[in-house]
Amino acid sequence: MFVKPAPGRNVRWPGTMRLLKAAGETVPETGFWLLCLHNGDVVKAAPPAASAAPATPAPSPAPASGGAAATPEPAEAHA
């Protein structure tokens, strides 16, 4: 779950004693974090939008042969 400290609160990770980032972090749903949530030390938040790669693939680069790319002609053109 993604949580951030409640306004005016500092919360430390159990074990490392590192402060939870003010912008929020993804934490495991353990008894510790659920208790922090219940006590109002942290609030659930939406994770920041990740910089996603473009949904459509980029076009292929032009061939490196240096010449014009061969384009097939319709069959009627050869008559």
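Up top is the structure these notes are about.
Residues numbered from 1 in each chain as written. Predicted model: local features only at pLDDT ≥ 70, side-chain atom pairs only at ≥ 80, totals over all residues. Heavy atoms only, no water.

### Concerning the pairing of strand S1 (residues 2-5)
Then step 1. With 2 bridges joining them, S1 and strand S2 (residues 25-26) adopt antiparallel strand pairing. Across the sheet, residue Val3 finds its bridge partner in S2, namely Glu25.
Then step 2. Sheet topology note: the S1/strand S3 (residues 42-44) ladder contains 3 bridges and is antiparallel. Counted as the bridge partner of Val3 is Lys44 from S3. (Pairing = 2+ DSSP bridges. Helix = DSSP H or I, 4+ residues; strand = E, 2+ residues; numbered from the N terminus.)

### Concerning the sheet that holds S1
Then step 1. Across the sheet, 3 strands lie side by side as S2-S1-S3; this open sheet has antiparallel pairing. Both edges of this open sheet fall to S2 and S3, since each of them pairs with a single strand only.

### Things to note about the environment of Phe32
Then step 1. Tracing the chain through its elements places Phe32 in helix H1 (residues 31-39).
Then step 2. C-alpha separation for the pair Phe32 and Trp13, spaced 19 residues apart in sequence, amounts to 9.1 Å.
Then step 3. Apart from the residues lying within four places of it in its own chain, the contact partners of Phe32 are Arg12 and Pro14. (Contact = heavy atoms within 4.5 Å.)

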